[in-house]
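# Structural overview
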Amino acid sequence: MSNSGENQRKVAEFLLRIKAIQLSPENPFTWASGRKSPIYCDNRRILSHPEIRTFVRQLATVEIEERYGRPEAIAGVATGGIALGALIAQELGLPFIYVRSSAKEHGTGQRIEGDYSGFSSVFVIEDLVSTGKSSLSAVDALRESGLEIKGLMAIFTYGFPDAIQRFKESDCSFFTLTDYPTMLEEATRSGYITEVQKADLDSWSSDPIAWSDSRG
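For clarity, every value in this text was computed on a predicted model and none was experimentally measured.

Summed over all chains, the structure comprises 12 aromatic pairs. Both rings, one in Phe156 and one in Tyr158, keep their centres 5.7 Å apart while their planes meet at 90 degrees; by these two values the pair is edge-to-face. Comparing Phe156 with Tyr158 shows no difference in burial state: the two are buried. Following the ring pairs from residue to residue traces out a cluster consisting of Trp31, Phe156, Tyr158, Phe160, Tyr180 and Trp204. Here the basic side chain of Arg67 rests over the ring of Phe175, its NZ or CZ set 4.1 Å away from the ring centre. Positioned above the aromatic ring of Trp211, the side-chain terminus of Arg215 is 3.8 Å from the ring centre.

The sheet built from 6 strands is open, its strands ordered 7-6-5-8-9-10 with mixed pairing. Of all the strands in the sheet, the pair left with one neighbour each is strand 7 (112–113) and strand 10 (174–176). As paired elements, strand 5 (residues 74–77) and strand 8 (residues 121–129) share 3 bridges and run parallel to each other. Looking at the pairing, Ala75 lines up with Val124 of strand 8.

Structurally, the position occupied by Glu63 is in helix 2 (residues 50–68). When its relative accessible area of 9% is taken as the criterion, Glu63 is described as buried. Looking at Glu63, its side chain comes within polar contact range of the side chain of Arg67, at 2.9 Å.

Here helix 4 (residues 133–144) is 12 residues long and its end C-alpha atoms lie 16 Å apart, about the 16 Å a rise of 1.5 Å per residue gives. Among the residues making up helix 4, those that are buried are Ser135, Leu136, Ala138, Val139, Ala141 and Leu142. Of the surrounding secondary structure, the elements contacted by the buried residues of helix 4 are strand 5, strand 6 (96–99), strand 7, strand 8, strand 9 (148–157) and helix 5 (161–169). Note on helix 4: the residue one or two positions beyond its end, Gly146, has a positive phi of about 95 degrees.

What counts and how
- Residues numbered from 1 in each chain as written.
- Predicted model: local features only at pLDDT ≥ 70, side-chain atom pairs only at ≥ 80, totals over all residues.
- Heavy atoms only, no water.
- Phe/Tyr/Trp six-rings, centres within 6.5 Å; stacked < 30°, edge-to-face > 60°.
- Buried < 20%, exposed > 50% of the residue type's maximum accessible area, 1.4 Å probe, protein only.
- Lys NZ or Arg CZ within 6 Å of the ring centre and 35° of its normal.
- Pairing = 2+ DSSP bridges.
- Helix = DSSP H or I, 4+ residues; strand = E, 2+ residues; numbered from the N terminus.
- Polar contact = N/O pair within 3.5 Å; in protein donor to acceptor, adjacent residues only side chain to side chain.
- Expected span 1.5 Å × (residues − 1).
- Contact = heavy atoms within 4.5 Å.

Structure below.
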C-alpha cells in the first residue's frame, strides 16, 4: 500500500462507485447551511460494502503508522468517524473513544465517551473535512480533557483554503485518503462527468459561496 497516488485514485473511484460521493452541477444539492453545492458526500456508505470497508481500514492504519508512528489510542468524531475509528482501533489493537458533537444533556454532560484514563495522547478519525469546524471542535474537546492530539485523518476533503488555515491555527496536523482534485480527475477519466462539468466543479471549489449565489 505504498503507492500514495494510486491509493488516492482507488479510494476516489470507490467513493464514486458506491455513491458516497454524488456530483450534480446542473441540479445542485442544498447543504444544511443553505448553500448550493454540486457535490454531496456521505462516506458512511463505505460501511455497507465489506470489501471497500476493509481496504479503507487497512489503508488508513498503514498510512497513520507510516506518517505518525503507532498511536496510543484512537478517537472518532461523531457521527461519521465513530464506526471507522472503531474499525481502525480494532485493526491496531488500540483503545477507542469518541467525541460527541455537543455535550449530552443528561448524566455527566460529557462530550467524550469511553475510558481515557490509561493514555495521554490520541489520533483522531473523521470521515470528511469540509470547513474543519466540527473536526477542530472535537480536537479542542480532547485537548481540554488533557489529551495530546497526534494528528487527524479523514477519508475525503473538499480542500477549502479556510479549512486548511483553521487546522494550521489549531496546530493540528491532518491528512486524507483522497481529495477533491483526485476525485474530479477520476470522475472525468471514468466518464462520470464531462470536461465541461469538471470546469464547473473546479469553479465551485475555487469559490463555493460565489458558485452558490450564482445558482440563486
